[in-house]
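# Report on the structure
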Amino acid sequence: MLPAAADYRGLRGTWRGDLLAGVTVAIVALPLALGFGVASGLGAEAGLITAIVAGIVAGVFGGSDVQVSGPTGAMTVVLVPVVASVGPDGVLIVALLAGLLLVAAGVGRLGRYASVLPWPVVEGFTAGVAILIFLQQVPMALGVPRPDGENTAAVAVRALADAGNVHVGGLVVLAAVAVTMLTASRLHHGLPASLLGVAVGTAVAQVGGLDVATIGHIPASLPSPSLPDVSPGEIPGLLSAVMAVTALAAVESLLSAKVADGMADTRQHDPDRELVGQGLANVAVSFFGGMPATGAIARTAVNVRAGASTRVAAIAHGLVLVVVVLALAPTLARVPLAALAAVLMVTAVRMVEFGTVGRILRSTRGDATLLLVTAAATVAFDLVVAVGVGVALASLLALRAVADATTFEREAAMPVDVDPVLEHALLADHIVTYRLDGALFFGAAQRFLLELTEVGDVRVVILRLGRVRVLDSTGAVALADLIRHLQHHDVTVLLTSVRDEHLRLLERVGVLDTLVHRNHVLPGIEQALAHARRHVAGEAQPAARPQAA
C-alpha cells in the first residue's frame, strides 16, 4: 500500500501530457474549491487548502493513477450542520478522526465492500446531493443572510420568504455566470466554463459597480501545520459526523476511482490503497485548516480526458493551485459570492445524469422506487441515513425477487452442452463460454465482474444467460461494464439464451448498445458457437437485429 516506482512507470514518455492534464484540472478545480469552501461555512481559504493538500497527498498515496481528490459538493452537505454546531475546529477533528478510520479500513482490506452499492442507490444518492447543493446556494445567490436551521430545504424556503431583502446586484452576477457557463459548454467542451463564469461575474460586478458581497481576504501563503484546538469533551458529540464523513469519503472516492478505470487505459485502482490514501489526505488536511476531502468524479474525469497517465497529473494540479494562491490571492478576494453560488448551482444540475436516471426509472418498478426513495431520504434526512435506507430497501427487493424466482420445473437438456472435451476444443479455438446461474443482482454483480474480466488468450467470450433467474439494473450495468472491458481488449462478447424479460431490461438500461453488433445476441448455444467459430476464422456474417419480445 506504499508508493512504489511502478506508480510512475512510463513517465518518461507521458510527463508532458501529465503536466498539461494537471494544469487543466487546476483551472477547473479553482472555482469549485472556492465555492465548496464558502458553501461549507469554512470559507474559500479552506477549500483551496483542501484542493492543494488532499490533491498532492492522495495523489502520492492513493490507489488510482488518475484520481484527483479535493473538496466536493457531497461533503459540504455533511459539513454545514457540523460547522453550525461546533465551529471550524470541530470540522478539523472530524477530518482527522475520519482520516484515521479510512486508513484503518484500507489496512483491514475493506475497500472491496464499498463497491456493492446498488446502481439505483448511487444515482438516487447523487441526485439528492445535487438538489441539496443547489438549495444550499439559495441564500448566497439572493444576497440574504443564511436563515437558522440544519435542514437545507427548510433553510432555502426561509431564504426565499425573505424576498424583500434580495440584492439585485447578486442576481445580475448570478445570471451572468450561468449564461457564460452554459454558453462556453456549448461552444467547446474543453473550455474551463466555471473559471470563465467566475471571471465574467467578477468583471460584471466591478464594471457595473454592483453592491455584492465578495470572498474577502485570502492569505497569499499556506498556513503552518498545527493541531486542531478542540477539548476532549467535545469529541463524543462529533462521532456521528465522523462516521458520516468516513462513509462518504470511502464511497465517493471508490466510485470515482471505478469510473476512472472505465475511462482511462491505465492500471485498475487498488480499493484498499485508495482508502489509505484518502485517509492520509484527510489527516494532512486537518493540520492545515482545510475540510474533509474525497476523490472528485468531475475533476478525475477532466484529468483523464486531458491525457493523464500517471499520478503526476494529480500532484501537478495541487502544485499549480499553490502558485495560483501565491500569485492571485488579492484578485481571488474580489470574486463575488453570487458568482460562486452560480457555479455550484450549474455544477449541481450537471451532477445529475438525466439519461441514466431515465433508464433506471424505465428499468423495473423496484429499481425506480429505490432511486426515488434514496433521493428523497437524502434531501429529507442526511447522506448516511439515505444510503442506509437505500441498501435496506434494495436488500428487501432482492430477497423478494429471489423468492419469486424460486421455481421447480422440468427443463429439457440443452441441445449442446459444454463438456470438458468440447471446452478443450473451444479453448484451442480461443473461445470460452460461461454459464450464469441463479441471481445477478447488486449483491453479486461486483463479484461477477471481477471474476470474468481477467481472461487469457481468448478472442470470443460466450455468456449463457438462460439460467439467470434474477437480474436487476445493477447486475445489468455490471454486465455492460464487463462487455466494454472485454471489447476494449479486443475480445468479442456473445450473449445467448437471454430470457424475454431480461432482454427487455438489458435494452432499457442500454446494455445491448455496448455490444459491437446487435447480432451478438443469439437465441441458443448452438448458434453462438457457430458464430464464434466464424468470427475466429474471420468469416462472421451480420445477422438480423434481435427484437425484445
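Scroll up to find the structure this text is about.
Residues numbered from 1 in each chain as written. Predicted model: local features only at pLDDT ≥ 70, side-chain atom pairs only at ≥ 80, totals over all residues. Heavy atoms only, no water.

### Details of the overall build of the protein chain
Let me state the cut-off plainly: Counting from the N terminus, the helices are DSSP H or I runs at least four residues long and the strands are E runs at least two residues long. Burial classes: relative accessible area under 20% of the type maximum marks a residue as buried, over 50% as exposed, and values in between as partly exposed (1.4 Å probe, protein chains only). Note on definitions: a residue-residue contact is assigned when non-hydrogen atoms from the two residues lie within 4.5 Å. Per-residue and other accessible areas follow the Shrake-Rupley method at a 1.4 Å probe size, with only the shown protein chains counted as cover for residues.
From N to C terminus, the protein chain includes 23 helices and 6 strands. For the protein chain, buried positions account for 52% of its 549 residues. Taking as baseline every contact in the protein chain between residues at least 6 positions apart, the subset at least 24 positions apart corresponds to 83%. Accessible surface, the protein chain: about 24,100 Å² in total, of which carbon and sulfur atoms supply 63%.

### Considering the pairing of strand E4 (residues 460-471)
For clarity, the cut-off: The pairing criterion is simple: DSSP has to find at least two bridges between the two strands.
In terms of burial, E4 is a largely internal element, 9 of the 12 residues being buried. Sheet analysis places E4 next to strand E5 (residues 492-496), joined by 5 bridges and oriented parallel. Counterpart to isoleucine 462 in the pairing with E5 is leucine 494.

### Quick word on helix H12 (residues 297-305)
Residues separated by three or four positions in an α-helix point in the same direction, a consequence of the helix having 3.6 residues per turn. Those residues of H12 that fall on the buried side of the exposure criterion are Arg299, Thr300, Ala301, Asn303 and Val304. Looking one or two residues beyond H12, the residue adopting positive phi is glycine 307, at roughly 105°.

### Notes on the packing of helix H3 (residues 73-86) against helix H10 (residues 239-263)
Note the threshold: For helices, the fitted line uses only the C-alpha atoms of the stretch in contact; every axis is such a line through C-alpha atoms, and the angle between N-to-C directions lies from 0 to 180 degrees. Throughout this description, any angle smaller than 35 degrees is read as roughly parallel, any larger than 145 degrees as roughly antiparallel, any in the 65 to 115 degree range as roughly perpendicular, and the remainder as oblique. Basically, the charged four are Asp, Glu, Lys and Arg, the nonpolar ten are Ala, Val, Leu, Ile, Met, Phe, Trp, Tyr, Cys and Pro, and anything else, Gly included, counts as polar.
Across the interface, H3 lies against H10 with an axial gap of 10 Å and an inter-helix angle of 175°. Viewed along their axes, H3 and H10 adopt a mutual orientation that is roughly antiparallel. Taking contact as the criterion, the partners of Ala74, Met75, Val78, Leu79 and Val82 in H3 are, on H10, Ala241, Ala244, Val245, Leu248, Ala249 and Glu252. Considered class by class, the residues forming the contact of H3 with H10 number 10 nonpolar, no polar and 1 charged.

### Side note on the nonpolar core
In plain terms, the rule: Nonpolar cores are built from buried Ala, Val, Leu, Ile, Met, Phe, Trp, Tyr and Cys residues. Side-chain atoms within 4.5 Å join them into one set.
Of all hydrophobic cores here, the largest spans 113 residues; its most connected members are Leu34, Leu383, Leu463, Leu495 and Leu506. Excluding its chain neighbours within four sequence positions, the residues that come into contact with leucine 383 are Ala74, Val77, Val78, Phe125, Val129, Leu132, Leu248 and Thr378. Formed by 10 residues, the second largest nonpolar core is a distinct cluster that contains Val460, Ile462, Leu494 and Leu522.

### Section: the pattern of salt bridges
For the record, the criterion: By salt bridge we mean one thing: a side-chain nitrogen of Lys or Arg within 4 Å of a carboxyl oxygen of Asp or Glu.
According to the stated counting rule, one finds 8 salt bridges in the structure shown. With a closest N to O distance of 3.0 Å, aspartate 7 and arginine 267 form a salt bridge. Of the two residues, aspartate 7 is situated in the segment before helix H1 (11-40) and arginine 267 in the loop between H10 and helix H11 (271-288); the sequence distance between them amounts to 260 residues. Residue class for aspartate 7 comes out buried when judged on its relative accessible area of 3%. The closest approach of N and O atoms between arginine 499 and glutamate 501, which form a salt bridge, is 3.8 Å. A single network of salt bridges, built from pairs that share partners, joins Asp7, Asp65, Arg267, Arg273 and Arg311.

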